[in-house]
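If you want the building blocks of each chain, they are given just below.
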Amino acid sequence: MALLNILEFPDPRLRTVAEPVKDVNGKIAMLADNMLETMYAAPGIGLAASQVNMHLRLLVVDISEDNSSPLVLINPEIIAREGEIETNEGCLSIPGYFEPVYRSEKIEVTAIDREGNPFTLTADDLLSVCIQHEMDHLEGKLFVDYISDTKRQMIRKKLLKQRKHRE
Ligand code: NI
């Protein structure tokens, strides 16, 4: 397995709309495995393929404390939603920043797993929020799109400054 490079805001590649996965083959399974490894190493609870510059509809999540519940969702679709929940969200592509975002509290999702089998998942609370956040990435959308322009610009400037210092 291999650690993948995570794109950081405001990298324009994060704005790419991802393409559906046509064939769940060994390459896709390997990408999912590498994404899980990258997410655990970060550490994070969710990662979308868009964030590792692979513009395919694939995401991984694991909200467990001990990395025991990896989930791979390929071509995910939300088929039902219910309620509303506000969570302080963060993102591996926007390191160090957390802002409150409203999402559906409960969702029903259909997807394909890493073996190519379709499944339906009902998720609530953190898992629901996490899946919705990762699905936004597939549309080129980031959690900072939900906050004020002023705050987003401030985060953008600070991240660009930090990156300059790193280089
Ligand atoms: Ni994210």
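Throughout what follows, the structure given in this document is the object of discussion. Bear in mind the structure is a predicted one, so any value in this text is a computation, not a measurement.

In this model, helix α1 (residues 26-41) (16 residues) spans 22 Å end to end at C-alpha, consistent with the 22 Å of a helix rising 1.5 Å per residue. Every buried residue belonging to α1 is among I28, A29, L31, A32, N34, M35, L36, T38 and M39, and all of these are buried. In the core, the buried residues of α1 are packed alongside β1 (46-48), β2 (58-61) and β3 (71-82). Where α1 begins, one side-chain oxygen reaches toward the backbone nitrogen of K27, 3.2 Å away; that side chain belongs to N25.

Within this structure, the stated rule accounts for zero disulfides. The closest cysteine sulfur to the non-disulfide-bonded C130 is located on C91, 10 Å from its own sulfur.

The next thing to look at is the pattern of salt bridges. Per the stated rule, a full pass over the model turns up eleven salt bridges. Close ionic contact of D11 with R13 constitutes a salt bridge, the shortest N to O distance being 2.7 Å. As a salt-bridge pair, R152 and D149 come within 2.4 Å of each other at their nearest N and O atoms. On the criterion of helical spacing, the pair formed by R152 and D149 is a turn pair, its members being three residues apart in helix α3 (residues 149-166). Here R152 falls in the buried class, since its relative accessible area comes to 16%. Residues joined by salt bridges that share partners form a network here, namely E8, R163 and R166.

Strand order in the open sheet made by the five strands is β1-β2-β3-β6-β7, with antiparallel pairing throughout. The open sheet terminates on both sides in strands that have one partner only, identified here as β1 and β7 (118-124). Going from strand to strand, the sheet's axes swing by 40° on average, the running direction of each strand aside. Bridge count for β2 against β3 is four bridges, and the pairing is antiparallel. By the bridge assignment for β3, V60 is matched with V72. Helix-sheet contacts for α1 involve β1, β2 and β3, and the interaxial angle to β2 is about 40°. Against the sheet, helix α2 (residues 125-138) engages β1, β2, β3, β6 (106-112) and β7, with an angle of about 150° to β2.

About the thresholds
- Residues numbered from 1 in each chain as written.
- Predicted model: local features only at pLDDT ≥ 70, side-chain atom pairs only at ≥ 80, totals over all residues.
- Heavy atoms only, no water.
- Helix = DSSP H or I, 4+ residues; strand = E, 2+ residues; numbered from the N terminus.
- Expected span 1.5 Å × (residues − 1).
- Buried < 20%, exposed > 50% of the residue type's maximum accessible area, 1.4 Å probe, protein only.
- Contact = heavy atoms within 4.5 Å.
- Polar contact = N/O pair within 3.5 Å; in protein donor to acceptor, adjacent residues only side chain to side chain.
- Disulfide = S-S within 2.5 Å.
- Salt bridge = Lys/Arg side-chain N within 4 Å of Asp/Glu carboxyl O.
- Pairing = 2+ DSSP bridges.
- Axes fitted to C-alpha atoms, helices over the stretch in contact; angles between N-to-C directions.

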